[in-house]
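Residue-level structural notes
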Amino acid sequence: MSKQSESSINLGKGGLFPLCAFLACAALSFTGVWSGADRHAYDLLLRAKSRIAPLKLSPRVVSVDITDNTELTDGPALESRQIFLDSLRVMRDAGVGGGFDFLFSASKNPDVDAEMAKTAGGLPRCVLAVVPLSKAETNFSGRELDPTESSIIEKHLWHPKVVRAGNVPVAARFLLPTAVLAQSATHLAHVGLISDPDGIYRRVPLLYRWGSGYIPSLPLAMAADELGIDVTGAVLDAGRSLVLPLKKGGRIVVPIDDSGCIYIPYAGQWKDGLRRIPMETLARAASDPETFDRVFDVIDGNILSLCDLTTAKKDFGTTPLEPVFPLSGIHNAVLNGLLTDTFFRPF
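Here goes a summary of the coordinates provided. (Residues numbered from 1 in each chain as written. Predicted model: local features only at pLDDT ≥ 70, side-chain atom pairs only at ≥ 80, totals over all residues. Heavy atoms only, no water.)

Details of the overall build of the protein chain
Of regular secondary structure, the protein chain possesses 13 helices and 17 strands. Sorting the 347 residues of the protein chain into buried and exposed places 53% on the buried side. Looking at the protein chain alone, contacts between residues at least 24 apart form 77% of all its contacts between residues at least 6 apart. About 15,000 Å² of surface is accessible on the protein chain, with carbon and sulfur atoms providing 55% of the total. (Helix = DSSP H or I, 4+ residues; strand = E, 2+ residues; numbered from the N terminus. Buried < 20%, exposed > 50% of the residue type's maximum accessible area, 1.4 Å probe, protein only. Contact = heavy atoms within 4.5 Å. Areas by Shrake-Rupley, 256 points an atom, 1.4 Å probe, with all protein chains shown as cover.)

Written out as structure tokens, the structure is:
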């Protein structure tokens, strides 16, 4: 990879101020644990960075969104998952892959689920979400994974060389898609998010430990195929880096903290982010040739990130840049960072 990977920061063309800002931020890290003042200073510096020298956006990522309008216009298709089946068919016919930030944990319509699994198996890549649960979370209403579920998770574990294990979060178990869907996925990947004590999302775990290995995050799994990452040669050095060797040569060095978290490389505010299309438009392309042609022009050769932005789900949080931010955008920000080889190292 480029020298940018070794420096782990892309300052762009913003001049001296962003450089000084991030040097100051790095200096603060040597005080030890981030205090509230440290976090506040980091937020101020990140906001300045995003205004003066915003990070590069990959043209390869297209977000496909379920919105309140989707619920109004396609409610029954959403409830039965027909809208997901139609979207998968369009992705298959267009020859594109993607990741689903949805948990298909219970069967809605067995026939639709079976067709979804069959169609997903025809995609270049299909990454489905699992939700990691800590031991504390399972104390209230938990159960052990059954043998089939455990076997499914085992197939998707990474086994990096561990230089330092650190305090990577441990999953006691996972919430999984239905077995028929999980078995059709190219990758299963976690969508766990962790906010700082003040409720702001600055970091996200790239890995969760389970059993003898680690389950990667949704954006990390999506990037693995796209970039040709040799996951068998990955090296985990908690508190320093996750090294991802590339099959064609070179490597990506991702700076991580002691818990295996990457500092989220927000490229800017939501309104300045990735290209987006409504899921109902993508699904309509399955039966409307004119819509398919328009959609194909947008998604051809790209990676789709399918997200839920509905207000009913209330899947929003606070970031250093915005008080209300769709949490699915965190996965997109990390994916964008991996594809553009752009990371923050404020520690």
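Back to the write-up after that little detour.
Brief notes about the sheet that holds strand 12 (residues 251-255)
Note on sheets: strands pair through backbone hydrogen bonds, and any given pair is parallel or antiparallel. Spatially, the 4 strands line up as an open sheet ordered 4-10-11-12, and their pairing is mixed. In the strand order of this sheet, the two ends are held by strand 4 (161-164) and strand 12, each with one partner. Between one strand axis and the next, the sheet turns through 15° on average, direction left out of account. Looking at chain direction, strand 4 and strand 10 (residues 235-237) are connected through 3 bridges and run parallel. The residue bridging R164 from the neighbouring strand is D237, located in strand 10. (Pairing = 2+ DSSP bridges. Axes fitted to C-alpha atoms, helices over the stretch in contact; angles between N-to-C directions.)

Topic: the packing of aromatic side chains
One pair of aromatic rings is described through two measures. These are the centre distance and the angle between the planes. What the rule picks out here adds up to 9 aromatic pairs. Of the aromatic side chains, those joined through ring pairs into one cluster are F84, F100, F102 and F104. (Phe/Tyr/Trp six-rings, centres within 6.5 Å; stacked < 30°, edge-to-face > 60°.)

With respect to unusual backbone geometry
Of note, the phi angle at R81 is positive, near 75°, even though the residue is not glycine. Relative to the elements of secondary structure, R81 occurs in the loop between helix 4 (68-80) and helix 5 (82-94). Look at R81 and you get buried, because its relative accessible area is 5%. Here D341, not a glycine, exhibits a phi torsion of approximately 60°, which is positive. Inspection of the secondary structure puts D341 in the segment after helix 13 (328-340).

A short note on the nonpolar core
One finds L206, L207, L242, L244, V254 and Y266 to be the most contacted residues of the largest nonpolar core, which totals 48 residues. Going through the elements one at a time, helix 3 (36-52), strand 3 (126-133), helix 10 (218-227), strand 11 (241-245), strand 12, strand 13 (261-263) and helix 13 are the ones with two or more residues in this core. Counting 46 residues, the second-largest nonpolar core is a separate cluster that includes C126, L128, A171 and L304. (Core = buried A, V, L, I, M, F, W, Y, C linked by side-chain atoms within 4.5 Å.)

A few points about the packing of helix 4 against helix 5
Following both chains from N to C, one finds helix 4 and helix 5 inclined at 90°, their axes separated by 5 Å at the closest point. Taken together, the axes of helix 4 and helix 5 are roughly perpendicular relative to one another. On the side of helix 4, the interface is formed by T70, D74, A77, L78 and S80, while helix 5 contributes Q82, I83 and F84. Of the residues contributing to the contact of helix 4 with helix 5, the split by class is 4 nonpolar, 3 polar and 1 charged. (Parallel < 35°, antiparallel > 145°, perpendicular 65-115°, else oblique. Nonpolar A, V, L, I, M, F, W, Y, C, P; charged D, E, K, R; others polar.)

Describing helix 13
Counted at 1.5 Å a residue, the expected span for helix 13 with its 13 residues is 18 Å, and the 19 Å between its end C-alpha atoms agrees. With 13 of 13 residues buried, helix 13 is to be regarded as a mostly interior element. Of the residues flanking the end of helix 13, it is D341, one or two places downstream, whose phi is positive at about 60°. (Expected span 1.5 Å × (residues − 1).)

Considering the pattern of salt bridges
Applying the stated criterion to the full structure yields 17 salt bridges. The residue D196 makes a salt bridge to R203 at a minimum N-O spacing of 3.0 Å. One continuous salt-bridge network, built from bridges that share partners, spans R39, D43, D196, D198, R202, R203 and D257. (Salt bridge = Lys/Arg side-chain N within 4 Å of Asp/Glu carboxyl O.)

Description of the environment of D43
Structurally, the position occupied by D43 is in helix 3. Separated by 277 residues in the primary sequence, D43 and P320 place their C-alpha atoms 5.0 Å from one another. Once you skip the residues sitting within four places of it in the chain, D43 turns out to touch I200, R202 and P320.

Focus on the side chain of D237
Inspection of the secondary structure assignment puts D237 in strand 10. Among buried Asp, Glu, Lys and Arg side chains, D237 stands out as unpaired, with R240 the closest opposite charge at 4.1 Å. Discounting residues that sit within four places of it in the chain, D237 has contacts with V163, R164 and I256. (Lys, Arg positive; Asp, Glu negative; His and termini not counted.)

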